[in-house]
Amino acid sequence: MTRALLSLGSNLGDRFGHLRSAVAALGETVLLVSGVYETPPWGDADQPAYLNAVLLAQDPAATPADWLERARAAERAAGRERDPARRFGPRTLDVDVIAVWTEDGAPVLRDDPELTLPHPRAHLRAFVLRPWIDIQPYGLLPGHGWLTDLLNSGPAAADALELRPRPDLALESTA
């Protein structure tokens, strides 16, 4: 497996610092990083606003499980604590593996309780789709369609109106 799209989000503490730490933790694997967006909380409205971004990373030796472990390692480094009673609650850092592609560009399809690919709710989340369009304007979410169609006329369309670009906050890869 070579490429992975990861979603980054933070709404506790130094939100931008947590996003930067995730990009730094992924190091030289990072190819592209989206703009940063301030977004209302999703799934549990009783919490602060998030900063969100996505990144595209590449590592010829990485499996989907490797990408998941790297995501979790970045979360742990940011002090993420999981509250099983509040699934969509606030967090210092949330890193989700959205999609993985093989070396020949084929999407990895995986239905596993530990990691489902593509992410089962990505098509519903404007805070994933809009930043993804920043780095892949003609991107496709495997099994769901064109990113622009999903954002403009799919279930995420209403939420898209509430995303606020933050051009004052620029994430950069170290590659």
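Residues numbered from 1 in each chain as written. Predicted model: local features only at pLDDT ≥ 70, side-chain atom pairs only at ≥ 80, totals over all residues. Heavy atoms only, no water.

1. Some thoughts on the overall build of the chain
Part 1 of the argument: Each helix and strand in the chain was counted, giving 5 helices and 8 strands.
Part 2 of the argument: Computed over the C-alpha atoms, the radius of gyration of the chain is 15 Å, within 12% of the 16 Å expected from 2.2 N^0.38 for a compact globule of 175 residues.
Part 3 of the argument: Over its C-alpha atoms, taken along the principal directions, the chain stretches across nearly 40 × 35 × 35 Å.
Part 4 of the argument: Counting all 175 residues of the chain, 49% fall into the buried class.
Part 5 of the argument: Pairs at least 24 apart in sequence give 68% of the contacts found in the chain among residues at least 6 apart.
Part 6 of the argument: For the chain, the computed accessible surface area is about 8500 Å², with 52% contributed by carbon and sulfur atoms.
Part 7 of the argument: On the chain, the mean spot of the 17 positive side-chain charges and the mean spot of the 24 negative ones are 3 Å from each other. (Helix = DSSP H or I, 4+ residues; strand = E, 2+ residues; numbered from the N terminus. Rg over C-alpha atoms; globule rule 2.2 N^0.38 Å. Buried < 20%, exposed > 50% of the residue type's maximum accessible area, 1.4 Å probe, protein only. Contact = heavy atoms within 4.5 Å. Areas by Shrake-Rupley, 256 points an atom, 1.4 Å probe, with all protein chains shown as cover. Lys, Arg positive; Asp, Glu negative; His and termini not counted. Charge placed at Lys NZ, Arg CZ, Asp CG, Glu CD.)

2. Structural notes on the environment of Gln-136
Part 1 of the argument: In this structure, Gln-136 sits in the loop between α3 (126-135) and β6 (140-141).
Part 2 of the argument: The residues touching Gln-136, leaving out its near neighbours within four places in the chain, are Leu-56 and Leu-147.
Part 3 of the argument: At 2.7 Å, the side chain of Gln-136 forms a polar contact with the side chain of Trp-132. (Polar contact = N/O pair within 3.5 Å; in protein donor to acceptor, adjacent residues only side chain to side chain.)

Geometric values such as these leave the question of function open.
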